[in-house]
Amino acid sequence: MTYTFKLSRRLARLRAPLWAATFLTVVGCSSSDTFGPGSSDTPGDAPSTNHPALATSFAGGIPIGLFAQPTEDLGSRYNGAMRTIQPDALLGELAAIKSRGGRIVLMMAGSQPNYLNADGTFSLSKWKERIDRFRGIDFSSYVKDGTIVAHYLIDEPYDPANYAGEPVPGATIDEMARYSKSIWPGMLTAVRSEPYLIKWSGTYQYLDAAWAQYAARKGDPYDYVDKNVAAAKQMGLGLIVGLNLTMGGNPNNTGMSASEVESYGNALLSSSYPCAFLSWQYDGRYLSGSGIGSAMDKLRQKAQNRATASCKDGSATDGPPPPSDPPPPPSEPPPPPAPSSLPFGLALAPATASNWSSSVYKATPSELPTRLSQAGNRQVRLIVMLAGMARVKNADGTFSLTKWKSEVDRYRTMSLGTAISNRTFYLHYLVDQPNCASCWGGRAIPWSTVDEMARYSKSIWPGLATVARAAPSDLAKATFQWAYLDAGWAQYNTRMGDIRTYVSNEVAHAKSEGLGLVAGLNVQDASGVHTAPMTASQIKAFGTVLASHPYVCALAGWKYDAAYLSQTGIRAAFDAVASVARSRTAGSCKAS
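The structure displayed is predicted, hence computed values, not measured ones.

Account for the overall build of the chain, naming residues and giving values.
For the chain, the helix and strand inventory stands at 18 helices and 18 strands. For the chain, with 592 residues in total, the buried portion stands at 58%. Counting only contacts in the chain whose residues sit at least 6 apart along the sequence, the fraction spanning at least 24 positions is 74%. About 23000 Å² of surface is accessible on the chain, with carbon and sulfur atoms providing 53% of the total.

Okay, structure coming up:
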């Protein structure tokens, strides 16, 4: 098949709509910092449907949205969110949220394990340490203009199951609110609890708002909101409301139907007292279900037509007063533009590896946000495998697409959007050697399955390029046109013959298939598996050829080994290749 024919088919495919496009941007979360309201709630996935092209302002009324609402989905349907954002990402995310007319309740402390004692009870001192991470960051303008609705102190403090049998008492909750206000006096404070569940013998002096999250098992929704409004007023608190969308339907622990969403939401919005409507949680499969989007659109319209209410006492307001002085400039400069030079590095290199601009990284949910942050600070681009081989196999060693998707789903609610857009998260490494039958229980992964993996990735992160470690000459054996896979991966060892001939052949196949090309160099096994590693002169010669080819979009060596790198001349050889890579512009890893 000719290059022209395959290219025209790929262009036609790219013009087609992405029917399940989603783009996740919950910034700075990890498994140690992701947030879930209560032990019965679990993270979900995140589609994106509303991407306003221009900056907008808040449309009025009260904010409506979801827990872990991606920034890119703030717009015509949602204009609110509950967000957990890490300190190093805070200013950039707030600026993006404001530009889309969004308003958020901000969680700073993260998930409960970060502030528990060894026995599982709540630790006020550890909680304060989590809050102290944000000291010195000037985000006061976002408090003044209403982008930050309130500081979300803690989840369900009344529930003994969350804190080893010892609920967090009201006096401690108010101390948490006091501590927040001692740092940010103008920022309101909130906890996720129905007001009557945190009632105590004292009076809250610093806590501003409670939070009522409705599920069908809680009875009539009108009675529910009336009861919570009355309790909030009696306690001098404002009130946030929301729905347990994914586990609050009838029967219990099922997702709400579209009719339930609309009916229950209308009930909560029938009161003028609540200051925000934020629901649990952002889940792509659920939100794309029949009628759910339409129901949400109706609730958005109703929330927008409401008078703005204060989260301090529910009083009607025209919104936060404008600041008396112009907002100060951001304390941090915007991130530099993504570098355009060829990414080069070694697989499994530590974050601190010097002189190299890339690495192949096998991710875990707990470590990925930190690794992306470190890479972004160093302008390093990562080729990331989200689903390791050992975790995606059936009992007989064959590949399981279901398990692979389940592994990828662990990352749906993470804040990957910024890292993808600035190309820190450079490529999604879908699978290793899919055509190696012995690697997969005697059965190679079908090419159609590989393209389905790429499609699934793009249904979550449309802007993220996909790659499988299979040479374009092998990918060309597929009997169909690649629709979603973006790049092949050609890893050279000396058994493959002359390196210039090898790379020219793989580039020709990549172009014919409309694919980008990642080049690899097997420095650990110079002539194939279990052979001697490459010498310094081989690394420099072979690496220079690969790094110099204008079609190559990334160059990765297998693999990082500190003892090997300490041998005479080896690191200098890698640095020489890195210098060549820095001197040229990378080819495109995106499908052409």
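Break down the state of the cysteines for me, with residues and values.
Two cysteines joined by a covalent bond between their sulfur atoms form a disulfide. Considering all chains together, one arrives at 3 disulfides under this definition. In this model Cys275 forms its disulfide with Cys311; the gap between the sulfur atoms is 1.8 Å. Measuring the twist about the S-S bond at about 95°, one finds the Cys275-Cys311 disulfide to be right-handed. Placement of the pair is Cys275 in the loop between α7 (258–268) and β8 (276–279) and Cys311 in the loop between β9 (308–309) and β10 (316–317), with a sequence separation of 36 residues. One exposure class covers both Cys275 and Cys311, and it is buried. One disulfide in the model links Cys553 with Cys589; its S-S distance is 1.9 Å. Disulfide Cys553-Cys589: the torsion about the S-S bond is 95°, which places it as right-handed.

Can you break down the environment of Lys403 residue by residue, with the values?
Assignment of secondary structure puts Lys403 in helix α11 (residues 401–409). Residues Lys403 and Arg391 lie 12 residues apart in sequence; the distance between their C-alpha atoms is 7.2 Å. When sequence neighbours within four positions are dropped, the list of residues in contact with Lys403 reads Arg391, Val392, Lys393 and Asn394.

What counts and how
- Residues numbered from 1 in each chain as written.
- Predicted model: local features only at pLDDT ≥ 70, side-chain atom pairs only at ≥ 80, totals over all residues.
- Heavy atoms only, no water.
- Helix = DSSP H or I, 4+ residues; strand = E, 2+ residues; numbered from the N terminus.
- Buried < 20%, exposed > 50% of the residue type's maximum accessible area, 1.4 Å probe, protein only.
- Contact = heavy atoms within 4.5 Å.
- Areas by Shrake-Rupley, 256 points an atom, 1.4 Å probe, with all protein chains shown as cover.
- Disulfide = S-S within 2.5 Å.

The values are spatial; any link to function lies outside them.
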